[in-house]
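Chains, contacts and geometry: an overview
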Amino acid sequence: METVTTLARLRPATDALRTSGSLALVPTMGALHEGHLTLVREAREKADHVAVSIFVNPRQFGPNEDLDAYPRQMARDSALLEAEGVALLWAPPPDEVYPKGYATNISVEGVSSGLCGGDRPGHFDGVATVVCKLFNQVRPDLAFFGEKDWQQLAVIRRMARDLDLTRPHVDAIHGVPIVREADGLAMSSRNAYLSAEQRAIAAALPRAMSGAIAEMRGGMAVKTALRELSATLLAAGFDSVDYAEVRTGADLIPSVEADPENRLFVAARIGGTRLIDNRALG
Ligand code: PAF
């Protein structure tokens, strides 16, 4: 695996890989867990070569968010990627991505409003901007993202369609199902912030979501089931529920229908840690 930290070195490295087959990109912010490694394995199945980017993108963190505290473990991440057969690790420093005078922002309307976009103003502008840059830098044929960040995936697909991105084309942007711990908690780099006691509380999230979906499918009004879901989380020890909503899967339009294509989206906090999850109702 070649590790590249400058744009000057990146272009010849990706050009060389592309001469012998297709190239997939798995964009990450590091602190890799089994969910990321699943993306890498999917990418290896579908492409000849895999590039992984590790870049903790300052533009997608709000002023009171965890940019400085975000776990950084490059040596460990690099060893994990090497063992997975990754060809290229793209790990630029911040000023390689946003040099002095950087002034451009990509803002995707519609799918980025509400849910995490409501709670984290500017977050999806930061994501769309960096992902567009990563696509232009690496020019992958395919790209892989986790479905845990379902709204992020919808934003990236919209951006790819709206900006006529050809590398990767919108149909070459792959969403990979959420990888869960044995008790159902969706894997996330932020789970590392949880104490043992908080980790036990966190398991209530997937449980309460399954319960709410069963109620909706059984005929309970969506609004009632969502209210009960929030109450269940607070009773289990969560400190607050940022949102609990049902939306259409593709366009993220709010819905009160228990349609199997719709999805349940939840964000809730334990102490300073914000956990998100989503599931199809069907
Ligand atoms: O999902 C993430 O880890 C990040 O939002 C991404 C897509 C790598 C952009 O910084």
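Here goes a summary of the coordinates provided. (Residues numbered from 1 in each chain as written. Predicted model: local features only at pLDDT ≥ 70, side-chain atom pairs only at ≥ 80, totals over all residues. Heavy atoms only, no water.)

Overview of the overall build of the protein
Helix and strand counts for the protein stand at 10 helices and 9 strands. By the compact-globule yardstick of 19 Å for 282 residues, the protein fits well, its C-alpha radius of gyration being 19 Å. Oriented by its inertia axes, the alpha-carbon framework of the protein measures out at about 55 × 40 × 40 Å. Looking at the protein as a whole, 51% of its 282 residues are labelled buried. Here the contacts in the protein between residues at least 6 apart in sequence split such that 72% fall between residues at least 24 apart. Total accessible area on the protein stands at roughly 12,500 Å², and carbon and sulfur atoms take up 50% of it. Put simply, the protein has 30 plus and 36 minus side-chain charges, and the middle of one group is 2 Å from the middle of the other. (Helix = DSSP H or I, 4+ residues; strand = E, 2+ residues; numbered from the N terminus. Rg over C-alpha atoms; globule rule 2.2 N^0.38 Å. Buried < 20%, exposed > 50% of the residue type's maximum accessible area, 1.4 Å probe, protein only. Contact = heavy atoms within 4.5 Å. Areas by Shrake-Rupley, 256 points an atom, 1.4 Å probe, with all protein chains shown as cover. Lys, Arg positive; Asp, Glu negative; His and termini not counted. Charge placed at Lys NZ, Arg CZ, Asp CG, Glu CD.)

Describing the sheet that holds strand 3 (residues 49-54)
Across the sheet, 6 strands lie side by side as 1-4-3-2-5-6; this open sheet has parallel pairing. Two strands in the sheet have a free side with no partner beyond their single neighbour: strand 1 (2-4) and strand 6 (173-176). Strand-to-strand twist across the sheet, computed as the mean angle between neighbouring axes with direction ignored, equals 25°. Seen against the sheet, helix 2 (residues 34-46) touches strand 2 (23-28), strand 3, strand 5 (142-146) and strand 6 and runs at an angle of roughly 155° to strand 5. Docked against the sheet, helix 3 (residues 74-83) engages strand 3 and strand 4 (88-90), running at close to 170° with respect to strand 3. (Pairing = 2+ DSSP bridges. Axes fitted to C-alpha atoms, helices over the stretch in contact; angles between N-to-C directions.)

Some words on the site of the ligand
As a structural note, the neighbourhood of the ligand is formed by Pro-27, Thr-28, Met-29, Asn-57, Gln-60, Val-130, Val-131, Phe-145, Asp-149 and Gln-152. Between Gln-60 and the ligand, the recorded distance is 2.6 Å, taken from a side-chain N or O atom to an oxygen atom. Counting only elements with at least two residues in the shell around the ligand, the list comes to strand 2 and helix 6 (123-138). Of the residues that constitute the shell around the ligand, the class distribution is 5 nonpolar, 4 polar and 1 charged. (Near = heavy atom within 4 Å. Polar contact = N/O pair within 3.5 Å; in protein donor to acceptor, adjacent residues only side chain to side chain. Nonpolar A, V, L, I, M, F, W, Y, C, P; charged D, E, K, R; others polar.)

Some details on the pattern of salt bridges
Going through the model one piece at a time under the given rule, you end up with 17 salt bridges. Between Arg-18 and Asp-15 there is a salt bridge, with its nearest N and O atoms 3.2 Å apart. With a gap of 3 residues between them, Arg-18 and Asp-15 both fall in helix 1 (residues 7-18), about one helical turn apart. Judged by relative accessible area, Arg-18 falls into the buried class, the value being 16%. When its relative accessible area of 35% is taken as the criterion, Asp-15 is described as partly exposed. (Salt bridge = Lys/Arg side-chain N within 4 Å of Asp/Glu carboxyl O.)

A look at the nonpolar core
If you look at the biggest cluster of nonpolar residues, it comprises 43 residues, and the most contacted ones within it are Val-131, Phe-135, Phe-145, Ile-156 and Met-159. Of all elements in the fold, only helix 1, strand 2, strand 4, helix 5 (115-119), helix 6, strand 5, helix 7 (150-162) and strand 8 (263-270) reach the threshold of two or more residues within this core. Sorting elements by how many residues they give to this core places helix 6 first, with 9 residues. In this view, Val-131 contacts Phe-145, Ile-156 and Met-159; residues no more than four positions away in its chain are not counted. If you look at the next biggest cluster of nonpolar residues, it comprises 25 residues, including Ala-202, Ala-208, Leu-229 and Val-246. (Core = buried A, V, L, I, M, F, W, Y, C linked by side-chain atoms within 4.5 Å.)

What about the packing of helix 1 against helix 6?
Remark: helix 1 packs on helix 6, axes separated minimally by 9 Å, with the N-to-C direction vectors making an angle of 60°. Comparing the axis directions of helix 1 and helix 6 gives the class oblique. Contacts between helix 1 and helix 6 involve Leu-7, Leu-10, Arg-11, Thr-14 and Arg-18 from the first element and Asn-136, Gln-137 and Val-138 from the second. Taken together, the residues that form the contact of helix 1 with helix 6 break down as 3 nonpolar, 3 polar and 2 charged. (Parallel < 35°, antiparallel > 145°, perpendicular 65-115°, else oblique.)

Considerations on the side chain of Thr-14
Relative to the elements of secondary structure, Thr-14 occurs in helix 1. Here the side chain of Thr-14 touches Arg-11 through a polar contact of 3.1 Å, landing on its backbone oxygen. Excluding anything up to four places from it in sequence, Thr-14 contacts Leu-23, Leu-88, Val-138 and Arg-139.

A few points about the side chain of Arg-18
Polar side-chain contacts of Arg-18 include one of 3.2 Å to the backbone oxygen of Val-138. Those residues in contact with Arg-18 that lie beyond four places of it in its chain are Leu-23, Val-138, Arg-139, Asp-141 and Arg-167.

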